[in-house]
Each structure stands twice: as C-alpha cells, then as structure tokens.
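Residues per chain are reported as follows:
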Amino acid sequence: DGTITDTEIAYNDFGSGDIPISAADKEKWNNNGIEFAQLPFVLSAVSFFHNIPGVPNGEMGLNMTACLLARVFSADITEWDHPDIKEINPGLNVEENYPIYVGRRDLGSSSTY
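Since we're looking at a predicted model, the values are computed, not measured. (Residues numbered from 1 in each chain as written. Predicted model: local features only at pLDDT ≥ 70, side-chain atom pairs only at ≥ 80, totals over all residues. Heavy atoms only, no water.)

Caption draft 1: View of the pattern of salt bridges. The final tally for this structure, using the stated rule, is two salt bridges. Measuring nitrogen to oxygen at the nearest pair gives 2.6 Å for the salt bridge that ties Asp76 to Arg71. Arg71 sits in the partly exposed class, given a relative accessible area of 26%. Ionic pairing is found between Arg71 and Asp84, a salt bridge with its closest N-O pair at 2.6 Å. Here Arg71 is found in helix H2 (residues 66-73), whereas its partner Asp84 is found in helix H3 (residues 83-88), with 13 residues between them in sequence. Within the structure, one salt-bridge network assembled from shared partners comprises Arg71, Asp76 and Asp84. (Salt bridge = Lys/Arg side-chain N within 4 Å of Asp/Glu carboxyl O. Buried < 20%, exposed > 50% of the residue type's maximum accessible area, 1.4 Å probe, protein only. Helix = DSSP H or I, 4+ residues; strand = E, 2+ residues; numbered from the N terminus.)

Next comes the structure, spelled out in structure tokens:
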C-alpha cells in the first residue's frame with residue numbers, strides 16, 4: 001500500500017544483508033523520502049561437485065570453466081560427453097550420452113540470490 005512500517009524506518013546510515021532489496025520496496029522507500037544505494041561488496045566462491053565414475057577429483061580430474069558450468073546449470077549442456085566439455089578434458093572417458101544430474105540446495109542462502 002506504500003506505507004512505511006516501523007521496521008522500514010531509516011534508523012542508521014549503513015546496513016548490510018544477504019538478500020537484495022526488491023524493486024517494489026526500493027520504489028516505495030524512495031517515494032517516502034528514503035534514498036539509498038545497494039552495493040555488492042563481497043564475492044565468494046561456490047563449490048561445484050561431480051561424481052563421474054572413473055574421473056578423479058582434484059588437479060587430475062575434471063576441468064570446467066565458468067561458462068561451461070553456467071551452461072550445465074541452465075540445461076544447455078546435459079551430458080558429460082558434450083563436445084565443449086571434452087574439448088578442455090581430452091582424456092575424459094565417459095559413456096556416450098552419460099547424463100548430468102544437477103542438484104540444487106532447497107533452502108536459500110546468500111549465494112543463491
């Protein structure tokens with residue numbers, strides 16, 4: 001309804017949190033004279049795990065780039081013998097059409113927003 005609640009009153013000059021402010025809240029607050037900026041200031045790594053039979057973990061294991069991982073998570077790449085994966089893993093020996101199963105975290109965290 002556009003009304004500012006007690007929990008939305010600006011009590012301090014700086015705050016931090018894991019979840020970005022929604023566009024609707026930002027607009028509501030700006031319309032009520034609360035101006036602010038959201039600045040990402042911490043980046044962290046997110047781990048990628050695999051369980052491909054015959055492929056070791058560590059330095060001698062699977063090589064993946066950020067772009068390949070993005071394509072796996074967006075279901076553009078769905079099999080481990082995809083030519084783009086094999087290109088940077090010339091010794092990768094997996095069954096033809098061996099499927100990639102992606103597991104995701106059920107609950108949110110700062111890395112999922």
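So, next bit.
Caption draft 2: Highlighting the nonpolar core. In this structure, Ile52, Val55, Leu62, Leu68, Val72, Ile77, Trp80, Ile85, Leu92, Val94 and Ile100 together form the largest nonpolar core, which totals eleven residues. In this view, Leu62 contacts Phe48, His50, Ile52, Val55, Pro56, Trp80, Ile85, Asn89 and Leu92; residues no more than four positions away in its chain are not counted. (Core = buried A, V, L, I, M, F, W, Y, C linked by side-chain atoms within 4.5 Å. Contact = heavy atoms within 4.5 Å.)

Caption draft 3: How the structure looks around the side chain of Asn89. By the secondary structure assignment, Asn89 is in the segment after H3. Residue classification places Asn89 among the buried residues on the basis of a relative accessible area of 6%. Within polar-contact distance, the side chain of Asn89 engages the backbone nitrogen of Asn63 at 2.7 Å. Leaving out residues up to four positions away in the same chain, Asn89 has contacts with Gly61, Leu62 and Asn63. (Polar contact = N/O pair within 3.5 Å; in protein donor to acceptor, adjacent residues only side chain to side chain.)

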